[in-house]
Amino acid sequence: MVEYPEYSPGLEGIIAGESAISRIDSERNRLLSRGYDLVDLTENVSFEEVAYLLLHTDLPSDSQLSDFGAQLRQQRDLTEEVLAILRSVPPFTHPMTLLRTAVSSLGHSDPDAGDDSHDANVRKAIRLLAKVPTILTTAHRLALGQTPVEPRADLDQAANLLYMLRGEEAQAYEAEAMNVSLILYAEHGFNASAFAARVTVSTLSNLYAAITSGIGALAGPLHGGANEAAMEMLLKVGSVENARPFALAAMASKAKIMGFGHREYKSGDSRVPIMKRVARQIAEATGNSLWPDVGDAIEETMIAEKGIHPNVDFPCAYAYYMMDIPIPLYTPIFVSSRISGWSAHVVEQLDNNRIIRPIHHYTGEAHRPYVPLKER
Ligand code: COA
């Protein structure tokens, strides 16, 4: 019998694998993807470049980027099978539920189905990156009884997503805000959904199964679902004056404030200042700073009273709200970006695979004598 000296609830602090994809530089409190600081990336590149970086390890050259962009733009259309699923779901199905089903179904018709090699998985990831924005915007418009908007090959991922959602081109500052949020959402180490994806594929299952697992894990409000939950909470707060009393009452009742706290960052999520700046730019462009102001007031109270900082979902939530993005699409938009990180994890796991199979500390009864059915 092996001895198990350490148990950490929620696997806090447990090293569960090796990865060369991203890391937190805790001295500088910065997130680095493939060694590049996210501050530099958000200031200089498009989400496509970051997706390429995650999938191919290096930033692309000019020609590599245009080839990658072309692959994305050519594969945005949906199959009839997926469209039939989107049309047939019960009304009020949450977009994350629908997205999980639709993404899973894409695996049936993928030209590389059955090929789980490194290169085939990268090709599948690119197809998913191309199609997920079309799925989420098409599903949304169908649910509203609107005609879906065809993707536009002249727009990048961020601008095309907003275009397909609205049927008209977004303002430049909105496309840039979306671009930054997609970069910030792309990858973050061994979080619950990336880990779920790695566990799934470690059995030598396939990329679609792993991404479907990732979507399922991301949906909960303790993970990606927090951006929607945070905005629902902000709407209840409603004003700067109400922010402190609301936060104090939540703390007193031990309720969690959504969009705050993080397993890895204890002195603040490095992505927050970047997204807060972007949200302020939207507020300036729209002439309405209510939500960043309410957000800041809650943040001040949380830090002063509990030392708990916001995570990236908090400013993303109110930035999306200021761009009139419907709240149930916030987590699906997160998926449209995180596909790149999850896929990088899937490929990395398979490149050096060993099944992920932890153990547990048994807390049940030691031994019970068998009692025949009629005597129980
Ligand atoms: N609001 C209020 N208190 C919070 C909090 C929040 N959002 N997040 C953490 N805390 C408190 C806990 O109540 C706990 O306090 P206690 O020690 O007095 O009981 C302490 O901080 C540690 O929290 P815990 O939930 O054990 O941390 P964790 O590492 O297991 O969980 C999260 C991390 C992210 C799941 C957690 O902070 C959370 O639920 N946040 C809200 C959801 C969210 O925004 N998720 C997105 C993450 S990117």
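Because the structure is a prediction, the values reported are computed rather than measured.

So, how was this worked out
- Residues numbered from 1 in each chain as written.
- Predicted model: local features only at pLDDT ≥ 70, side-chain atom pairs only at ≥ 80, totals over all residues.
- Heavy atoms only, no water.
- Helix = DSSP H or I, 4+ residues; strand = E, 2+ residues; numbered from the N terminus.
- Rg over C-alpha atoms; globule rule 2.2 N^0.38 Å.
- Buried < 20%, exposed > 50% of the residue type's maximum accessible area, 1.4 Å probe, protein only.
- Axes fitted to C-alpha atoms, helices over the stretch in contact; angles between N-to-C directions.
- Contact = heavy atoms within 4.5 Å.
- Salt bridge = Lys/Arg side-chain N within 4 Å of Asp/Glu carboxyl O.
- Pairing = 2+ DSSP bridges.
- Near = heavy atom within 4 Å.
- Polar contact = N/O pair within 3.5 Å; in protein donor to acceptor, adjacent residues only side chain to side chain.
- Areas by Shrake-Rupley, 256 points an atom, 1.4 Å probe, with all protein chains shown as cover.
- Nonpolar A, V, L, I, M, F, W, Y, C, P; charged D, E, K, R; others polar.
- Core = buried A, V, L, I, M, F, W, Y, C linked by side-chain atoms within 4.5 Å.
- Expected span 1.5 Å × (residues − 1).
- Bend = angle between axes of the 7 residues up to and from the residue.
- Parallel < 35°, antiparallel > 145°, perpendicular 65-115°, else oblique.
- Left-handed = near helix turned anticlockwise from the far one by under 90°.

S.K.: Residues and numbers for the overall build of the protein chain, please.
M.R.: Across its full length, the protein chain carries 16 helices and three strands. In terms of overall dimensions, the protein chain is globule-like: its C-alpha atoms have a radius of gyration of 22 Å, near the 21 Å expected for 376 residues. Along the first, second and third principal axes, the C-alpha atoms of the protein chain reach 70 × 55 × 50 Å. By the burial criterion, 51% of the 376 residues in the protein chain qualify as buried.

S.K.: I'd like to hear about the packing of helix 5 (residues 95-109) against helix 16 (residues 330-351), residue by residue, with values.
M.R.: Two numbers describe how helix 5 lies on helix 16: the axes approach to 8 Å, and their chain directions differ by 35°. Two secondary-structure elements touch here, helix 5 through Pro-95, Met-96 and Leu-99 and helix 16 through Thr-331, Pro-332 and Val-335.

S.K.: Please give an account of the pattern of salt bridges that cites residues and values.
M.R.: Charged atoms that come close allow side chains of opposite charge to pair. Evaluation of the coordinates by the stated rule reveals 19 salt bridges. Look at the salt bridges and you will find they share partners, linking Lys-276, Arg-280, Asp-293, Asp-296 and Glu-299 into a network.

S.K.: Provide a residue-level description of unusual backbone geometry, including the pertinent values.
M.R.: The phi dihedral of Thr-57 is positive, around 80°, even though this residue is not glycine. Tracing the sequence through the fold places Thr-57 in the loop between helix 2 (47-56) and helix 3 (62-74). In this structure Thr-57 comes out as partly exposed when scored by relative accessible area, which is 42%.

S.K.: Describe the pairing of strand 2 (residues 30-33), and please don't skip the residues or the numbers.
M.R.: As defined by bridge partners, strand 1 (residues 22-25) adjoins strand 2 across four bridges and the pair is classed as antiparallel. Looking at strand 2, one finds that Arg-23 is bridged to Leu-32. Hairpin connection from strand 1 to strand 2: four residues lie between these consecutive antiparallel strands, with Asn-29 at a positive phi of about 50°.

S.K.: Describe the site of the ligand, naming the residues involved and giving the relevant values.
M.R.: Looking at the ligand, there are 18 residues lining it, with Lys-256, Ile-257, Gly-259, Phe-260 and Arg-263 nearest. A distance of 2.7 Å separates a nitrogen atom of the ligand from a polar backbone atom of Ile-257. At a separation of 2.9 Å, an oxygen atom of the ligand approaches a polar side-chain atom of Asn-311. Protein contact buries 66% of the 850 Å² of open area that the ligand shows by itself. When the residues that make up the shell around the ligand are grouped by side-chain class, the tally is eight nonpolar, five polar and five charged.

S.K.: Before we move on, could you go through the nonpolar core and cite the residues and values that matter?
M.R.: With 104 residues, the main nonpolar core has Ile-135, Met-178, Ile-298, Ile-325, Ile-333 and Val-335 as its most contacted residues. Looking at which element gives the most residues to this core, the answer is helix 6 (residues 118-143), with ten residues. Once you skip the residues sitting within four places of it in the chain, Ile-325 turns out to touch Leu-162, Leu-165, Met-178, Tyr-320, Tyr-330 and Ile-333. Val-149, Leu-155, Tyr-163 and Met-164 belong to the second largest nonpolar core, which has six residues in total.

S.K.: Tell me what's going on with the sheet that holds strand 1, and back it up with residues and numbers.
M.R.: Taken in spatial order, the three strands line up as 1-2-3 in an open sheet, and their pairing is antiparallel. In the strand order of this sheet, the two ends are held by strand 1 and strand 3 (36-37), each with one partner. The sheet contact formed by strand 2 and strand 3 spans two bridges and is antiparallel. Looking at the pairing, Leu-32 lines up with Asp-37 of strand 3.

S.K.: If you had to explain helix 6 to someone new, which residues and values would you point to?
M.R.: Each full turn of the α-helix corresponds to 3.6 residues, which orients residues three or four apart in the same direction. Relative to the 38 Å expected for 26 residues at 1.5 Å per residue, helix 6 spans 37 Å between its end C-alpha atoms, a close match to the ideal helical length. By the largest-angle criterion, Lys-131 marks the main kink of helix 6, which is about 30°, and a proline, Pro-133, follows within four residues. Of all 26 residues making up helix 6, 21 are buried, and the element is well covered by its neighbours. Gly-145 sits one or two positions beyond helix 6 and adopts a positive phi of about 75°.

S.K.: Account for the side chain of Thr-137, naming residues and giving values.
M.R.: Along the chain, Thr-137 turns up in helix 6. If we skip the residues at most four places from it in the chain, Thr-137 touches Leu-161, Met-164 and Leu-165.

S.K.: Hey, could you go over the side chain of Arg-127 for me, with residue numbers and the actual values?
M.R.: Locating Arg-127 in the fold gives a position in helix 6. Assessed through its relative accessible area of 12%, Arg-127 is described here as buried. Within the structure, the side chain of Arg-127 is placed 3.1 Å from the side chain of Gln-75, a separation counted as a polar contact. Residues in contact with Arg-127, not counting those within four places in the same chain, are Gln-75, Asp-110, Pro-111 and Asp-112.

S.K.: A description of the environment of Ser-104 should follow, citing residues and the corresponding values.
M.R.: Summarising the element assignment, Ser-104 is placed in helix 5. Along the primary structure Ser-104 and Tyr-208 are separated by 104 residues, whereas in three dimensions their C-alpha atoms are 5.9 Å apart.

S.K.: Describe helix 5, with residues and values.
M.R.: Helix length check: helix 5 (15 residues) gives 22 Å between terminal C-alpha atoms against 21 Å at 1.5 Å per residue, within 8%. Buried within helix 5 are the following residues: Met-96, Leu-98, Leu-99, Ala-102, Val-103, Ser-105, Leu-106 and Gly-107.

S.K.: Tell me about the packing of helix 5 against helix 6, and name the residues and values.
M.R.: Between helix 5 and helix 6, whose axes approach to 10 Å, the crossing angle comes to 140°. By the angle class used here, helix 5 and helix 6 are oblique. Crossing of helix 5 over helix 6 shows right-handed handedness. Across the interface between the two elements, Leu-98, Leu-99, Ala-102, Val-103 and Leu-106 from helix 5 touch Leu-128, Lys-131, Val-132, Ile-135 and Ala-139 from helix 6. Here the contact of helix 5 with helix 6 is composed, by residue class, of nine nonpolar, no polar and one charged.

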